[in-house]
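# Reading the structure
Single-letter residue listing:
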Amino acid sequence: MAATDPGALGAVLSGPVASGDWLVIAPVVIAIAAGALLLMLRHHLRWQAAYASGCLLLMLAANAALLVRVLSDGPLVMTMGRWLPPFGISFAADALGASFAVVATFVALICALSSARDIDTTGRRYGFYPFLMLMMAGVNGAFLTGDIFNLYVWFEVFLIASFGLLILGSEPAQIDGATKYGILNLLATALFLIATAYLYGAFGTLNMADIAVKAAGLRGSAPLMTIATLYLLAFGMKAAAFPVNFWLPAAYHTPRLVTAALFGGLLTKIGVYALLRSLVMIFPVERAALSEVIEWVAILTMICGVMGALAQTDVRRMFGFLVISGVGIMLAGLALGSPLGVSGTILYAVHSMLVMSALYLLAGAMREMGGSFLLTELGGIYRKSTFLTAVALLIFLAAAGLPPGSGLWPKVMLAKAAIDGGGWLLAGAILATGFMTSIALGRVFVLAFWRDAQKAGPVDSTIKSVPRLAIYAPLVSLTIPIVVLGIIPEQFIRIAELASAGLIDVTAYVRAVFPAGGS
Amino acid sequence: MEAVFSLLVALFFGVGIYLILSRHVIRIVLGIAIFGNAVNLLIFTSGRIMRETAPIIPGNLDLLPGPAANPLPQALILTAIVISFSFFAFILVLAYRAYQEIGVDDTIGMRISEPRDDALPPMGY
């Protein structure tokens, strides 16, 4: 094994770690420490939301500082236990991981702020906030790790925290949804582990930069195609790609709306992130060979997702299907693999994190204003709140990919990349999906907002009346970045291009992990 | 030795997948447990099976004197066992609760979150 190589002599770093390098593990450390702290403070039910929001604000600051540093100096790496990579487990933040971590933490912060009204005392007593922090530890760890087995561990961390969040309330529908979600996600991570076992058997290393370097030399002798296909299946299942997406519509409409907003915003994007990391960075040749398969998966995911959305009466279930069709659009860039396509996927993922969370939070606001989740019963929200109607219109336009929302530019990039690459079918599917999404959401707007109220008087006694500001504040703070991304996208596109360039050309990433020249 | 182990892994995978294909939640859960153990054995086998020599470097040397067992797969499996055991415990309780709440141990009957007779959205005002 590699450990017996004479070159392994002096495999330990000497000298202290530069203090700025601690930034790369800061988000995960803060999240785990905050989770433990909240567990100890579990009897302070009134203050848990404030504690969690404060910790998430700290994490957001750490992630933002990390992103600024990565954008100016290139990938930032820290290896645990002072072993030189590939022996130690590396944390490696590049532009892709750092920017996803920033957006994910921002979305979680908004969700934590809006949870103050959605999560009741029982939910707090059952540990909503510790679960939230542990899930964010897993999410940030997945975005920032540079080791593929460590990625598996972070997947499991956020998965088990998400189980806790999903069944908060123990309603029959939640338990039913959680059973399907749990079993299918467990199977997906088991597939991930199988692929990783083969990978270890072929490469003898688990460090992603090391694998990316060694893949070129092993292409003739090792079953890399099998490994890449298994990763496609495992991460495709995590991302809810078409033939393996059935856990998502079964589960995402059952939990508390804040939880649904978190899941819809973050969890499928981690699958997309892992697909980008494994197929674009580590196995580019295998990805090119699989591109036709990925293209069909992308088209079917988009179309089936949006068709499912068209058939739903419950707005939460409709938004679940829209999450799926968004994943299909992200897979389009993976199928193309060109720099423009991959940056389109990255920008779309950022857009999707913001918009999908905003949609679920909007569903909560619609219930508080209109008294129901069902399109058959909703109505008259425009008369009750013009402001909410305007915000909802902006979010719907963004989700459908129309200006001035954030969905326009990534779709333009992906459609252009598809036409450049000769994928007319893919470009057509992206445009058709946008069209059908605007039909589905336009119908929600017409029925829930424009139509007169369907029932007279107070509708549902279980709906608490909450101050309007508590409804508007989280929605507005998600809508502002959505509109900014739609109106002045240059800076975001530049970061996405930087991130995709770092994935396609791994030299900078590898040099950051192996400063001494490496293996 | 690896060949024998890979046959064993294949047997585990076969049994696991067969159970997962069942309609009954409890059999699916047992299938997942066997599937997880198949993966653990797979990691063990892909780390190559070597002598029963512990990989400990003597005090006067800098390197291992000869071939020894590979410790890394064992560390990976240990992690995977801990994770899959906790998941198994959780899913087992969840399946039992589902049986209590829904009254069926059958995926065809579990339609609470996605009811069969769901109405279509209104076609007009």
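Shown above is the structure to which this text applies.
An account of the accompanying structure is given in this report. Model, not experiment: these values are computed from the prediction. (Residues numbered from 1 in each chain as written. Chains lettered and ligands numbered in written order. Predicted model: local features only at pLDDT ≥ 70, side-chain atom pairs only at ≥ 80, totals over all residues.)

### A closer look at the interface of chain B and chain A
Just so we agree on the cut-off: Two residues qualify as being in contact provided that their C-beta atoms, derived from the backbone, are within 7 Å of each other. By the criteria applied, helices consist of DSSP H or I runs no shorter than four residues and strands consist of E runs no shorter than two, each listed in order from the N terminus. Under the convention adopted here, Pro, Cys and the residues Ala, Val, Leu, Ile, Met, Phe, Trp and Tyr are nonpolar, Asp, Glu, Lys and Arg are charged, and Gly plus all remaining residues are polar.
Facing 38 residues of chain B, the contacting portion of chain A comprises 38 residues. Where the side of chain B that touches chain A is concerned, the elements lending two or more residues are helix H2 (25-46) and helix H3 (71-102) of chain B. A total of 14 residues in the side of chain B that touches chain A trace back to one element, the largest contributor, which is H3 of chain B. Tallied by class, residues from the side of chain B that touches chain A come to 26 nonpolar, seven polar and five charged.

### As for helix H1 (residues 26-40) of chain A
Residues and elements named next belong to chain A. Our working rule: By this rule, a helix spans an expected 1.5 Å times one less than how many residues it contains. Neighbour density around each residue's C-beta defines its exposure: 20 or more other C-beta atoms within 10 Å make it buried, 12 or fewer make it exposed, and counts between make it partly exposed, where C-beta atoms are placed from the backbone. As used here, the arc is the angular range of directions from the helix axis to the C-beta atoms.
With 15 residues, H1 extends 21 Å from end C-alpha to end C-alpha; this agrees with the ideal 21 Å at 1.5 Å per step. Among all positions of H1, only Pro27, Val28, Ile30, Ala31, Ala34, Gly35 and Leu38 are buried. End-on, the buried residues of H1 take up no more than an arc of 160°, which puts them together on one face. Lining the buried residues of H1 we find helix H2 (48-73), helix H3 (95-118) and helix H5 (128-144).

### Section: the packing of helix H12 (residues 284-310) of chain A against helix H18 (residues 424-450) of chain A
Residues and elements named next belong to chain A. Inclusion rule: Angles shown run from 0 to 180 degrees and are taken between the N-to-C directions of axes, each axis being a line fitted to C-alpha atoms and, for helices, limited to the stretch in contact. Note on angle classes: values under 35 degrees are labelled roughly parallel, values over 145 roughly antiparallel, values of 65 to 115 roughly perpendicular, and the remainder oblique. Here a crossing is taken to be left-handed if its near helix is turned anticlockwise relative to the far helix by less than a right angle, and right-handed if that turn runs clockwise.
Where H12 contacts H18, the two axes come as close as 9 Å, and the packing angle between them is 15°. Between H12 and H18, the angle falls in the class roughly parallel. Viewed along their axes, H12 and H18 form a crossing whose handedness is left-handed. Contact residues: Glu295, Ala298, Ile299, Met302, Ile303, Val306, Ala309 and Leu310 in H12; Leu425, Leu426, Ala429, Ile430, Thr433, Met436, Thr437, Ile439 and Ala440 in H18. The residue makeup of the contact of H12 with H18, split by class, is 14 nonpolar, two polar and one charged.

### Some details on the pairing of strand E2 (residues 90-93) of chain A
All names here are of chain A. Here is the rule we go by: For two strands to be treated as a pair, DSSP must find no fewer than two bridges joining them.
Neither face of E2 is open: one carries Ser90 and Ala92, the other Phe91 and Ala93, and all of them are buried. Judged from the four bridges that link them, strand E1 (residues 76-79) and E2 form a sheet pairing that is antiparallel. The residue bridging Val77 from the neighbouring strand is Ala92, located in E2.

### Brief notes about the nonpolar core
All names here are of chain A. Put simply, the test is: Only buried residues count toward a nonpolar core: Ala, Val, Leu, Ile, Met, Phe, Trp, Tyr and Cys, linked into one set through C-beta atoms within 7 Å.
Ranked by internal contacts, the top residues of the largest apolar core, which has 242 residues, are Leu132, Met133, Leu359 and Ile395. It is helix H14 (residues 339-370) that contributes the most residues to this core, 19 residues altogether. Setting aside residues no more than four positions away along its own chain, Ile395 makes contact with Val355, Ala358, Leu359, Leu362, Thr479 and Ile482.

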